[in-house]
Amino acid sequence: MCGIVGAIAKQNVVPVLLEGLLRLEYRGYDSAGLVVSDGKLLRLRTTGRVAELGKLSTDRHAKGLVGIAHTRWATHGEPSKRNAHPHFSGESSKVAVVHNGIIENHESMRLRLESEGFVFLSDTDTEVIAHLIAFHLQNKPDLLDAVCTSIAELQGAYAIAVMQESHPDRFIVARNGAPLLLGVGEEGNYAASDASALLQVTKQMIYLEEGDVAELSSDGYRIFNCTDGKIDKEVVRKVHQSALTNEAIDLGPYAHFMQKEIFEQPSAVANTLEMVFNAQSISPNLFGDAAESIFSQIDSILILACGTSYHAGSVARYWLETVAGLPCNVEIASEYRYRDPIANPNTLVVGISQSGETADTLAALKYAKSLGHRHSLSICNVAESALIRQTDLCFLTRAGPEIGVASTKAFTTQLASLLLLTITLAKMRSKLSHDRECEMIAALRHLPVALQLALQVEPQVKVWAKRFAAKRHALFLGRGVHYPIAMEGALKLKEISYIHAEAYAAGELKHGPLALVDSDMPIVAIAPNDVLLGKLKSNLQEVNARGGELYVFADADSQIQQSNNVHIIRLAEHAGVLSPILHTIPLQLLAYHVSLQKGTDVDKPRNLAKAVTVE
Ligand code: M6R
C-alpha cells in the first residue's frame, strides 16, 4: 500500500526521501512523487518507479531542507501522474499533502469544497484533504491548527504528511488507522510509514498512536492530541531503539527478497522458537503475563486473518481440535466483520497477521470485542504494530522483516507459533502427557534442520517449474491439515506467476472440479504419509484415469509410485505434526521458479501491496 516519507534537516533532504521511498517499494505502488521546498515548492511525480523519480530529481536539480514523498497504490482514480501524490491546494498559502488510507466521506467533502471555489485536479480522495486544510488556513493561519481542524472532519483511515510553502521550517503529520512513525535523528527529524525507510538516518523511532498529530522541525518534534478540531494537549511518546538492521532489509547475495525469505526460513523459525529450545516444557507466559489466567477461562478459539495468515489459522484449526481438543473457527477477517456472529465470552479471539496493519484484520478484532468477546491474542511479526497494541496477549513471530509481497517466512513462523499455542492449551486442558510434550518440543527443536533439508528439493522443483510456466491454470489438492497448505500453494502460484490456481480438498474433486481435468491441467498434490494418504491416492487415481498430469509432493515413505503422468518429488520421511510446515517449502519454491521462468515481478507482483492498510 502507499508509503510516506517526510524529512526536515540541516542539509538537502532529497536523497533521504528517495532512499526512503526505495525502502518502501516492497509495500507495492503504481506511482511516486515528492515535494521539496527551496523557497518555493518543487513537485515531481511519475507513474514510473522510484528510480525514475530519482532521475527527475537530478534533471530538475531538486533540493530543499524539508520535503515529503509518497508511493501511491491506487484506490480512488487510476494510476496516473495527475493522481499521484503530493496534492496541492491554495494560491497565497500553498499546502502539499501526501496520504495513505481512504477518506470515506470524500464525495460530500468534494462537493462542499467545490462550492467554496476549490478546483479539483485529480480523482483522488487525498485532494480533499489538501483543499480542506487550505480552506481552514483562511481563518486559522497556523498549519498545525488547520490540520487539527481538518482531520476532525475526515471520516476513514489516514496517515498524512503536510507542508506549507510559506513555512518551510516544519511539516505536520497525523495518523488515524494507518501506520506512521517518527524518526529522531541528529541532523534532522523524519516521518515514514515504516521503520525500514528511516534506518538510513536514525534508529530512534517513535510509533505514533491513533489520533496523534505531530509537528517536526530540524531541531525537534512535538506530538499533540487533538479533540473536536482543536489542539488538546502535548503528549509524550516513547522513543524506541529499532532492532532492525540494514542487513535485514538488504538483498545480500540473493536475486529477490522472496528467494532470500524462503531460504531464511530455518533461521526465522529457530529465532521464533528460541525460547523453547532449551526448555523441558512450554509455559503459557510465552504469550503474555496474563496468558495462564486467560487460557484457563477459555472453551473455544476464533481465528481472524486474511490471505496467507488465514491459511496459517486454517492449519491451526486441525491442531487445536486434534491435539488440544478445543473447538476452533477460522474466519476471513473481511467477511467476519460484516456478519452477525454469536459471541461467546469464553472464546479466545486470535488475530494473525504478518504486518499487524491489515485493515480488515484490525477491524474484525475490534468488531469481535464489540460483540462481547473478552479475550484476545495476536500472532504478529511486527512488534510495534497496531494489532499487537489491540490485544490482551501477543506472540511475536521473529521472522525479521518480510519484504517480498508473497508471504513465506511469515507463514512458517506463524505455523510454528500456532503449534506452540496448541501445545500450551493442550497441556493446560490435560490433553497432553509430559512425554508427548517432550516429543513435540524435540520435534520443534529439529524443525530448522528439517526445513533446511526440505529446501534441498529446489533443483527438482526447478525442472517442474519449466513445465508450469507454459500453463494457464493449475489445481492444488490436499486433505486434512494439508488442505490449507494446498490453498497456500495455489495462492503463492497465482499471486506471483499470474497462473490461475485453485485449491481443493481432494475429496471434493468429484463434486465438480474433476470436470476441469484434461492433459493440459497440471494438478499438484500434497501427499504426506499420514492417515489420509490412502484416501488421497484414490482421488489421484480419479485424476489419472482422466488424463490429468499429476505433480505430487510426497514423503520419502509415502507408498506412491512414479508413472506416466505421475511425477513425484519426495521430502524426508513423514514429519508427523510438523508435516504441513515442511510441505509448504516446495510449494513456495515452485511459485518462485515459475515466476522466474515467466519473468514476472517476483517481489512486487502487479496490483498487489505488502501491507493492506485499506479495506
Ligand atoms: O500482514 P498480513 O499477514 O495481515 O497480510 C495478510 C495478507 O494480505 C497476506 O498474507 C497476503 O495474502 C500475501 N500477499 C500472500 O502471500
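In the block above lies the structure referred to throughout.
This write-up is about the structure you can find in this document. Quick caveat: nothing in here was measured; it's all calculated off a predicted structure.

Thoughts on the state of the cysteines
Consideration 1: Scanning the entire structure with this criterion turns up one disulfide.
Consideration 2: Paired by a disulfide, Cys-148 and Cys-226 hold their sulfur atoms 2.2 Å apart. Separated by 78 residues along the polypeptide, Cys-148 in helix α5 (residues 143-151) and Cys-226 in strand β13 (residues 221-227) bring together distant segments of the chain. Like Cys-226, Cys-148 is buried.
Consideration 3: Between Cys-306, a free cysteine, and Cys-380, which holds the nearest cysteine sulfur, the sulfur-to-sulfur gap is 13 Å.
Consideration 4: Here Cys-380 stays unpaired: no disulfide links it, and the sulfur of Cys-394, its closest cysteine neighbor, is 8.4 Å away.
Consideration 5: Under the relative-accessibility criterion, Cys-380 is labelled buried at 0%.

Details of helix α14 (residues 434-455)
Consideration 1: For α14, which comprises 22 residues, the first-to-last C-alpha distance of 32 Å matches the rise-based estimate of 32 Å (1.5 Å per residue) to within 8%.
Consideration 2: A bend of about 45° at Leu-447 is the largest found in α14, and the proline Pro-448 appears one to four places after it.
Consideration 3: Among the residues of α14, Glu-437, Met-440, Ile-441, Leu-444, Leu-447, Pro-448, Ala-450, Leu-451, Ala-454 and Leu-455 are the ones counted as buried.
Consideration 4: As for α14, its buried residues are in contact with α6 (257-263), α7 (265-277), α13 (409-428), α15 (458-468), β25 (566-571) and α18 (579-598).

Focus: the pairing of strand β12 (residues 212-216)
Consideration 1: Buried residues dominate β12, accounting for five of its five residues.
Consideration 2: Along β12, one buried face is formed by Asp-212, Ala-214 and Leu-216 and the opposite face, lined by Val-213 and Glu-215, is buried too.
Consideration 3: Relative to β12, strand β8 (residues 171-176) runs antiparallel, the two sharing four bridges. Bridged to Val-173 within β12 is Ala-214.
Consideration 4: In this structure, β12 lies alongside β13, joined through five bridges in antiparallel fashion. Bridging from a neighbouring strand, Ala-214 pairs with Ile-223 of β13.
Consideration 5: As consecutive antiparallel partners, β12 and β13 are separated by four residues.

What counts as what
Residues numbered from 1 in each chain as written. Predicted model: local features only at pLDDT ≥ 70, side-chain atom pairs only at ≥ 80, totals over all residues. Heavy atoms only, no water. Disulfide = S-S within 2.5 Å. Helix = DSSP H or I, 4+ residues; strand = E, 2+ residues; numbered from the N terminus. Buried < 20%, exposed > 50% of the residue type's maximum accessible area, 1.4 Å probe, protein only. Expected span 1.5 Å × (residues − 1). Bend = angle between axes of the 7 residues up to and from the residue. Contact = heavy atoms within 4.5 Å. Pairing = 2+ DSSP bridges.

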